[in-house]
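Commentary on secondary and tertiary structure
Listed below, chain by chain, are the residues.
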Amino acid sequence: LDELGARRDGPLADAPNPELERQRERVAELELARDPARAPELARAAEELDRALLAEDLARGRVLAGDTQALALEDLRRGLEAQGLELALVYLVGARTSLVLRVDVDASRAPRAVTLALGRAELERESARLYAPLERLEAGEIDLAHLGFDVEAARRLHAKLVEPLGLPAGARVALLLDGDLQTLPFEELVCGGVLARFDPAQPGAHLAGLEFLGDRHAFVRVASLARLANPRAARAGETLLVLPPDELGVAHAASDLVPGARVVREADVEAFARALDGAARVHVAAHGHLDPARPAHGWLQLGGDGPEGAPFEAWRAAQLALDGAEIVLAACHTGRGEWREGAGLAGLLGGFLAG
């Protein structure tokens, strides 16, 4: 889907449909209520909305179509060079082993495939060890002072996923990832150093002696080779910092990290979309939610009426004109989603990549 999307022009804009908007508002209202007793009502409303969206798409006959011409290696290398990247790594995860295709900007280095001794089950197991502390933190079972980090799992993943590739020092790398690798934080893989003794008075200090993969390389995640071969020109415009209502507890100190930005506070869904139109850089410091069963309806909590703010759902992002803009989603779950064969990672990130 992303290969096709890379060839289209403009956002997926639709004429307003009042009935669909009413159904979307109903689903959003039930989601924000967070009332277990109304869960069946929410499920019915969501199913009715999805049926209505599908019926409208079928009636409109909208399709994404692209030619089947193979991507030229020269075009891919030019695209990498234009974005300041030294190489691209394309990962394919198998049942017992995985495969990586490496393409360097340097034309003297032929593309090569490397087989990795890491299969799907082992990847899921090691990845779960990295995610477990964060999931316990979100569930309220532990606090930040007791947030653990499985150093050995991070070492093993580096040894099996990256070390066999012999990356040049300091290389800027494009990653095209498959399945569970889509949500793996490559920058946090441990590639050296020594773990110090834990001191409860200084949480996290025992990790200072480790060397992380993000210290050695800069990574850019893309959804398809077509995106690399056809990079979008950087957009000129203002920088925005989008903040939710004070009641949501997101620290406004983020304004110090985005100097010179125009601060947009408590924007509702429509105001958020208008603010992004024409902006070159947008930093969204908010809360994020992921619904694994319905990833297109995951949302960012913005401003608007009420203390909970307004939900900006993932599907809306594909309708924004974001070509060439730099978007930072500083919220929970923005880098996660559900892997859908042929469609990639469905969730908040996928919606913004399609925009």
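The preceding data block contains the structure.
What you are looking at is a predicted structure, and each value in this text was computed from that prediction instead of being measured. (Residues numbered from 1 in each chain as written. Predicted model: local features only at pLDDT ≥ 70, side-chain atom pairs only at ≥ 80, totals over all residues. Heavy atoms only, no water.)

1. A few points about the packing of aromatic side chains
Working definition: an aromatic ring pair is given by the centre-to-centre distance plus the angle between the planes. All told, the structure shown has 3 aromatic pairs when counted by the stated rule. Their ring planes at 70° and their centres at 5.7 Å tell us that Tyr 91 and Phe 186 sit as a pair that is edge-to-face. Placement of Tyr 91 in strand 1 (residues 87-93) and of Phe 186 in the loop between strand 4 (172-176) and strand 5 (190-193) is noted, with a sequence separation of 95 residues between them. Neither Tyr 91 nor Phe 186 differs from the other in exposure class; each is buried. Site record: aromatic cluster; members linked through ring pairs are Tyr 91, Phe 186 and Phe 219. (Phe/Tyr/Trp six-rings, centres within 6.5 Å; stacked < 30°, edge-to-face > 60°. Helix = DSSP H or I, 4+ residues; strand = E, 2+ residues; numbered from the N terminus. Buried < 20%, exposed > 50% of the residue type's maximum accessible area, 1.4 Å probe, protein only.)

2. Examining helix 9 (residues 269-276)
Those residues of helix 9 lying buried are Val 269, Phe 272, Ala 275 and Leu 276. Across the axial projection of helix 9, the buried residues extend over an arc of 125°, all falling on one side. Of the residues flanking the end of helix 9, it is Gly 278, one or two places downstream, whose phi is positive at about 95°. (Arc of directions from axis to C-beta.)

3. Some remarks on the pattern of salt bridges
A complete count under the given rule lists 17 salt bridges for this structure. Across the pair Arg 24 and Glu 21 runs a salt bridge, and its minimum N-O distance is 3.1 Å. Separated by 3 residues within a single helix, Arg 24 and Glu 21 lie in helix 2 (residues 18-33), roughly one turn from each other. With its nearest N and O atoms 2.9 Å apart, the salt bridge here joins Glu 211 to Arg 216. Looking at Glu 211, the relative accessible area reads 29%, which means it is partly exposed. For Arg 216, a relative accessible area of 34% translates into the label partly exposed. Several salt bridges converge on common partners, so that one network encompasses Arg 26, Glu 29, Arg 38 and Glu 41. (Salt bridge = Lys/Arg side-chain N within 4 Å of Asp/Glu carboxyl O.)

4. Section: the sheet that holds strand 8 (residues 239-243)
Taken in spatial order, the 4 strands of this open sheet run 9-8-10-14, and their pairing is parallel. On the outer flanks of this sheet lie strand 9 (262-265) and strand 14 (326-330), each paired with one strand and no other. When the angles between neighbouring strand axes are averaged without regard to direction, this sheet yields 15°. Sheet topology places strand 10 (residues 281-285) next to strand 14; 5 bridges connect them, and they run parallel. When the bridges of strand 14 are listed, Val 284 appears paired with Leu 329. Against the sheet, helix 9 contacts strand 8, strand 9 and strand 10, and its axis sits at roughly 165° relative to strand 8. (Pairing = 2+ DSSP bridges. Axes fitted to C-alpha atoms, helices over the stretch in contact; angles between N-to-C directions. Contact = heavy atoms within 4.5 Å.)

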